[in-house]
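# Overview (structure and organization)
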Amino acid sequence: LLLLSDIAPERAPYYAVELLHDPHQSSFSGEPAVTAIQVLAEHAQILPVWAVARRTGSHPDVLAQAFASLRRSPPDLQLDALLLQLQDAAARGETGEGVALVAAEAIVLNHLAGGYPAVIDLLRDTTNLNLYRYLLITAARDGDNPVREQLLDAGSREKNPAKASILAEVFGLGRRSR
């Protein structure tokens, strides 16, 4: 598909749309849909990508590429789709953790402040310490002060010692006096 995009750019988006719903999509990587989304975004064909972002049950890597490609879309539309994905992920429990991680990360990286409470709820409710750590690191490195402040505020009430330790480590709370 990438080669076709170079050789016949006018044809590549047609084939890319077909590959968004390929019945042989890899359960490991989400390919060929991930590449199809990249090609569509390169050709400014965002509406099929939007349809993927609004469909629950997609592979986490496919959703990650879709939301990365939609970063310039209207923030309220992005947030609606991300909250839909978070809600679906929560309903699926442990099997939805990959989608929850992708959706929460996109909320933080795309600075969608209206979604910060949902990210904080996810962090409060998760028992997956790797997910907890990854999202905190994402917020810490992004430098968005409002999300950091909300996370620190929520973390100040954290009763789980493992989570409190991770929060202190990520935000350097152990190195300064309280």
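Parameters and conventions
Residues numbered from 1 in each chain as written. Predicted model: local features only at pLDDT ≥ 70, side-chain atom pairs only at ≥ 80, totals over all residues. Heavy atoms only, no water. Helix = DSSP H or I, 4+ residues; strand = E, 2+ residues; numbered from the N terminus. Contact = heavy atoms within 4.5 Å. Areas by Shrake-Rupley, 256 points an atom, 1.4 Å probe, with all protein chains shown as cover. 1 Å grid on protein atoms, 1.4 Å probe; cavity = no way out; pocket = protein on both sides within 12 Å on 5 of 7 lines; lining within 4 Å. Points joined across faces, edges and corners; volume = space filled by probe spheres on them. Nonpolar A, V, L, I, M, F, W, Y, C, P; charged D, E, K, R; others polar. Salt bridge = Lys/Arg side-chain N within 4 Å of Asp/Glu carboxyl O. Buried < 20%, exposed > 50% of the residue type's maximum accessible area, 1.4 Å probe, protein only.

### With respect to the overall build of the chain
When you go through the chain residue by residue, the secondary structure sums to 11 helices and zero strands. Shown N-terminal to C-terminal, the secondary structure of the chain runs as helices and strands in the order α-α-α-α-α-α-α-α-α-α-α. With the C-alpha coordinates aligned to their principal axes, the bounding extent of the chain is approximately 60 × 30 × 25 Å. Within the chain, contacts between residues at least 6 apart in sequence are counted, and of these 59% link residues at least 24 apart. Carbon and sulfur atoms make up 53% of the accessible area of the chain, which totals about 9,800 Å².

### Some words on the layout of surface pockets
In this model, the largest pocket occupies a volume close to 270 Å³. If you list the elements that add at least two residues to the lining of the largest pocket, you get helix H6 (75-92), helix H7 (97-109) and helix H8 (116-125). Per-element accounting of the lining of the largest pocket gives the leading share, five residues, to H6. Class assignment of the residues belonging to the lining of the largest pocket gives a composition of eight nonpolar, five polar and four charged. Space inside the second largest pocket adds up to approximately 160 Å³. In terms of lining, the second largest pocket is formed by Ile 120, Asp 121, Leu 123, Arg 124, Tyr 132, Leu 136, Leu 151, Ala 154, Gly 155, Arg 157, Glu 158 and Leu 167. Mapped by element, the contributors of at least two residues to the lining of the second largest pocket are H8, helix H9 (129-142) and helix H10 (145-155). When residues in the lining of the second largest pocket are grouped by element, the largest group, four residues, is from H8. Here the residues of the lining of the second largest pocket sort into seven nonpolar, one polar and four charged.

### Some thoughts on the pattern of salt bridges
On inspection of all chains with the given rule, the structure shows six salt bridges. In this structure, Glu 105 engages Arg 141 in a salt bridge whose closest nitrogen and oxygen atoms are separated by 3.8 Å. Of this pair, Glu 105 sits in helix H7 while Arg 141 sits in helix H9, and the two are 36 residues apart along the sequence. The buried category is assigned to Glu 105, whose relative accessible area is 16%. Arg 133 is the salt-bridge partner of Glu 169, the closest N and O atoms lying 3.1 Å from each other. With Glu 169 in helix H11 (residues 161-171) and Arg 133 in helix H9, this residue pair connects regions lying 36 residues apart in the sequence.

### With respect to the environment of Leu 122
For Leu 122, the location among the structural elements is in helix H8. Spatially, the C-alpha atom of Leu 122 lies 24 Å from that of Phe 28, the residues being 94 residues apart in sequence. Excluding residues that lie within four positions of it along the chain, Leu 122 makes contacts with Leu 86, Ala 100, Ala 104, Leu 131 and Leu 135.

### A closer look at unusual backbone geometry
Here the amide bond leading from Glu 31 into Pro 32 is cis, since omega sits at 10°, within 30 degrees of zero. Within the element layout of this structure, Pro 32 appears in the loop between helix H2 (12-19) and helix H3 (33-42). At Ala 44, a position not held by glycine, the phi torsion is positive, near 55°. The backbone of His 111 sits at a positive phi, close to 55°, despite the residue not being glycine. The topology assignment puts His 111 in the loop between H7 and H8.

Treat this as a map of the structure, not an account of what it does.
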